[in-house]
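# Working through the structure, step by step
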Amino acid sequence: MLRRQAREEDAAVLIDMDPGAEKGDSYGSIADISEPGGHQEAACRVESPANPRIADFVLVWEEDLRLGQQQDNAARDKTDTHRAWRETFLDNLRVAGLRVDQRDVQDEDSAVHYVLLGAPWPVLCYYAEDLRLKLPLQELPNQASNWSASLLQWLGIPNILLEAVPDEPPEYYSCQFKVSKLSRFLGSDNQDTFFTCTNRHQILFEILAKTPYGHEKKGLFGIDQLLSQGVFRAAFPLHDGPFTAPPEGLQDLGLSPRQVLFRHWAQWRKWHKYQPLDHVRGYFGEKVALYFSWLGFYTCWLLPAAVVGALVFLGGCFTAFSDAPTQEVCSSAGSFEMCPLCLNCPFWPLSSTCALLQAGRLFDHGGTVFFSSFMALWAVLLLEYWKRKSATLAYRWGCSDFEDVEERPRPQFAASAPTTAPNPITGEDEPYFPKRSRVRRVLAGSVLVAMMVAVVAMCLVSVILYRAIMAILVSRSDSTLLAAWASRIASLTGSMVNLVFILVLSKIYVALARVLTRWEMHRTQTRFEDAFTLKVFIFQFVNFYSSPIYIAFFKGRFVGYPGNYHTLFGIRNEECAPGGCLIELAQELLVIMVGKQIINNVQELVVPKLKGWWHKFRLRSKRRKAGAAGQAPWEADYELLPCEGLFDEYLEMVLQFGFLTIFVAACPLAPLFALLNNWVEIRLDARKFVCQRRRPVAERAQDIGVWLPILTGIAHLAVISNAFLLAFSSDFLPRAFYRWTRAGDLRGFVNFTLARAPPAFTAEHNRTCRYQAFREDDGHYSRTHWHLLAIRLAFVTVFEHVVFSIGRVIDLLVPDIPESVEVKVKRECYLAKQALAENEALLGTNGGKDDRPPASERSLGPQA
C-alpha cells in the first residue's frame, strides 16, 4: 500500500503509544502478535471445559449434496471457487488468532455448516486498542433521569409509566483502552468479563470485515463480499439464550439480558411503560439504543400535538354546520349555477356541493392558524430538547467524541483505499482516498439522483393527467351527485395510484443509492451512512411530497376562465373542488401517510412471520432427517431473520415528521394518527429486535447522524409551507378581508367569491354561469384579487418572521448541551489523563508501584 507524504508530527504528545502497538504497512493485521501456540489454541473446541464460552460469532453456509455430477462446468467451477475462497478465509482467520470450530447438520440431501468463532485474550486486547474502544475507569451510580417521572414525583402523583427493571447497568468514567495501562481499567483482573459481549462482537466483526480470501487489490476481502457472493449464507453474533422467560410470578433474578428485554420491553402490554434504554444499549449497542430513544422522545412530544390537533378538529366540527357561507350554499337551491367542468359537461348547481363544503370547514377555520403556529414552535422545541437529550445520552454512554476522535475507518474502506496518510487528530497512519476522486464520484452519483427525480416528476404528471381524465369521465355521468363529486372521486383514486408509484420507486432507488454510496469510498461508517441517507432522503422527499406540494400550491392556480381555459397536453388543467384544495390536501395526506403506515405495519407483522415460518420449517426438516437431538444456540439463531438495520425505521419516522409539520394546516388530526402509529411502532420494533431477528453487531454512535440536520431543515421548511398554505390555500384571509370591508357576519360571502362567465361564453351557451375566482366580467383579475394578493404576501412575511424569531429566541435560551453534562465531560477528561499519564511524578503518586507489570499484562506476550 502506498503511503501519502506525512505532515510534521506534533511535538506535544499527551499519552505515549506503546511501542508494541506501532503498525506498519500491514494495517489491521495481528499476525505479528499471535502467541506461539496460537494455532493449537485456535483448533480447540470452543465449548471445552478450559474455555466455556460457546462462541462470539457464527458463520453459516449451506451445501446441496444432490448436485454432485449434475452440475455443468460453469456451475462446478463456481462451486469450487466458493469452496477455495471459504477455506482461504477460514485459514486467514486462524492466522489472525481466532478460534475456529465447525459444526455440521447433515442429511442425505443437504448439509448446513456452522463455523463458531471466538477471540482469545491477546486478540481482544490488540483490537480493543486498535478500535479505540472506551473501557471503564471508575464506576458511578446510574444517572438516568426522566423529566415526567421527576414531575410526577414532585406532584406526589403515582407514576404508572415507571417499572423496576432488574440488573440496572451501572455507569462509568471511561477512556480509550491502552494495553500498556491495562491495570488502570476497572475489572481488568478478570479476562472472562473485562470485555463485554458487545465489545467482542465489534472486534470479531472488524476482523471478519478486513480478512482477505484472495487478492486484496481485486476486492477479494471481507465477510460482506462473501455474503453477497453466496459463499456464506449468514454471519451474526449469538443471542444470549432464548427470549422466553420463566412465569411472571417468579423472581427476575437470573434472567438473561435478552429475557429482561423481552419481559420489560418487547411485550405489547408494556406500551405505557418507559423503555429500559440502558438495557437496550447494553445488549444491542449505542446506535440501536439511540434510535429507540429518539422514537420514544418523539412519540412523547406527539401527545400534546395530538391533543391540540384533536381540539382544533372538534372546533371545526362545531363550526361546520353553523358557518354562514356554508349555510348560504346549502340553502341556495338553484341560485348559483356553475360553469361546466369540462368541454361537454353539464352546468351544475353549487348547492350540490353542500356536504363537501361542510367537510372542508372541519379543516379550514380560524383554529387552523393557531394550530399551524403551534406546530411550527412545537417542531423547534422538539429538536432543541432532543439535542440536549442526545448530548446527555452520548456522555452517559461514552460516545461524546466518537465521530471526531474515536471512529475508525470502515473495514471495506481500509481494505480498498490506495494509500495511507496520518490522521490529522490522532497522528496515526490510516487508509486514505483522495478527496478529489471522491468529489468526482459524488458528482457522478448526483446525475443518477437527478434522473430518478425526473422519473418521479413524470409519474406526478401522469397522476395529474389521470385525475383530469377521470374527473371528465365521472362528470359526464347522468347522476347529478356523481357529477358534483367527480373531482373528489378522481382525487381519491389518484391518491391511491400515487401511493403505488411511491412504494415501487422507493424500492428501486434505495438499492441504487446503496451501490452508489459504496462506490464513493467514504472513510467512516458514519460518513457512509450520512451520504446514503442524504441521497435516499432527497429522492424520497420528492417522491412522497411532490403530490401534496402540487395540490397545496399549484392545483387550481392556472385554470383560466370560461372560454379561455389553460390546458396540459390538450387536457384542461385541474381546479380545486368545491370546498377548496385544503380538504383535498388533507385527503392526500391521510391516504399517503396513514396508508403507508398501515402497509408498513402489516409488512412488519405479517411478512417476517411468513419468512420466519418458512425458514424454520426448512431447517427443522433437515434436522429431523439428520436425526439431530436438541437444538444448539447457533441453530436457533440461524432460524431467525437477518437484521436489516435502522435506515428504514428512521426514514419512516422522518417522512412522518415531514407530513406532520409541512402540511399540518391541512390536517389537524395528523399528529393523533402519528401518535397511535408510534405507540404500535415502538413495541413492534422492540419485538422484532428481541424475538424475530438475529442479533445485530453492536455499533457505537454519537447521535442520530444526518437525520438531525434533515429534521431541522424540515422544521424550517414547515414554517414557510404553512405560511403559504394559510395565505393561498385557505379561506382564512378572504373571509377576514370580507369581514373588514363588507359584512362582519359573512352574509353574501359566497357571491363575493364567484365571478360571472364572460359575455362571449354566455352568448355561445345562451345561459350565464358562475365560477370561483376574483375576476371581472371580461375575465381579467379584479382589484379585489390584487388587494388579496398583497394581504397574502404580507401575511406570509409576518408569519414566518414571527415564528422564526420565536424559534431563534428558544434556540438561544435552550443550550444544546446541558451545563451538568459539560462539567461531567471535563471531569472525565481529567480522570482519563490522570489514569493514563506516563509521568506519574506529575500526579504526586508513588511511581514505584508500576515497576513490575501486572500478571494480566505479562500474559499478553510480545505485545505487552
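This structure is a prediction, so every number in the text was calculated from the model and none was measured.

## Comments concerning the overall build of the protein
Scanning the protein for helices and strands turns up 29 helices and 17 strands. Across the 864 residues that make up the protein, the buried fraction comes to 52%. Taking all contacts inside the protein whose residues are at least 6 apart in sequence as the whole, residues at least 24 apart take part in 78%.

## Considerations on the nonpolar core
Judged by nonpolar contacts, the single largest core of 112 residues is most densely connected at F284, F292, W294, Y298, W378 and L585. With 17 residues, helix α9 (residues 286-320) is the largest single contributor of residues to this core. F292 has contacts with W265, Q275, L277, V280, I682, D685, A686 and F689, leaving out every residue within four places of it along the chain.

## Overview of the pattern of salt bridges
Under the counting rule described, the total for this entry stands at 22 salt bridges. The closest approach of N and O atoms between R233 and E62, which form a salt bridge, is 3.5 Å. Here E62 lies in strand β2 (residues 57-64) and R233 lies in the loop between α6 (223-229) and β7 (234-236), a separation of 171 residues in the sequence. Accessibility expressed as a relative area gives 46% for R233, which makes it partly exposed. E699 is the partner of K287 in a salt bridge, and the nearest nitrogen-oxygen pair spans 3.2 Å.

## Side note on the packing of helix α12 (residues 366-396) against helix α21 (residues 647-662)
At a minimum axis distance of 9 Å, the contact between α12 and α21 shows a crossing angle of 145°. Along the contact surface, α12 presents M375, W378, A379 and L382, while α21 presents F657, L660 and T661.

## A word on the state of the cysteines
Taken as a whole, this structure holds 2 disulfides when the rule is applied. The disulfide partner of C330 is C354, and the gap between their sulfur atoms is 1.8 Å. Its torsion about the S-S bond being 90°, the disulfide of C330 and C354 is classed as right-handed. Of this pair, C330 sits in helix α10 (residues 324-330) while C354 sits in helix α11 (residues 354-361), and the two are 24 residues apart along the sequence. The class of C354 is buried, set by a relative accessible area of 16%. A sulfur-sulfur distance of 1.9 Å marks the disulfide that ties C339 to C769. With the S-S dihedral at roughly 85°, the linkage between C339 and C769 falls on the right-handed side.

## Some thoughts on the pairing of strand β10 (residues 419-422)
Of the two faces of β10, the one holding T419 and A421 and the one holding T420 and P422 are both buried throughout. Bridge count between β10 and strand β11 (residues 429-432): 4 bridges; the pairing is antiparallel. When the bridges of β11 are listed, T420 appears paired with P431.

## Overview of the environment of F371
Inspection of the secondary structure puts F371 in helix α12. Residue classification places F371 among the buried positions, given a relative accessible area of 1%. When neighbours within four sequence positions are excluded, F371 is seen to be in contact with A305, V308, G309, V312, V664, P668 and P671.

## Considering the packing of α9 against α21
As a packed pair, α9 and α21 sit with axes 11 Å apart at the nearest point and diverge in direction by 25°. The angle between α9 and α21 places the two elements in the roughly parallel class. Remark: the crossing between α9 and α21 carries left-handed chirality. Packed against α9, whose contacting residues are K287, L290, Y291, W294, L295, Y298 and L302, the element α21 presents E649, Y650, M653, Q656, F657 and L660 at the interface. Classifying every residue of the contact of α9 with α21 by side-chain character gives 10 nonpolar, 1 polar and 2 charged.

Reading the values: rules and limits
- Residues numbered from 1 in each chain as written.
- Predicted model: local features only at pLDDT ≥ 70, side-chain atom pairs only at ≥ 80, totals over all residues.
- Heavy atoms only, no water.
- Helix = DSSP H or I, 4+ residues; strand = E, 2+ residues; numbered from the N terminus.
- Buried < 20%, exposed > 50% of the residue type's maximum accessible area, 1.4 Å probe, protein only.
- Contact = heavy atoms within 4.5 Å.
- Core = buried A, V, L, I, M, F, W, Y, C linked by side-chain atoms within 4.5 Å.
- Salt bridge = Lys/Arg side-chain N within 4 Å of Asp/Glu carboxyl O.
- Axes fitted to C-alpha atoms, helices over the stretch in contact; angles between N-to-C directions.
- Disulfide = S-S within 2.5 Å.
- Pairing = 2+ DSSP bridges.
- Parallel < 35°, antiparallel > 145°, perpendicular 65-115°, else oblique.
- Left-handed = near helix turned anticlockwise from the far one by under 90°.
- Nonpolar A, V, L, I, M, F, W, Y, C, P; charged D, E, K, R; others polar.

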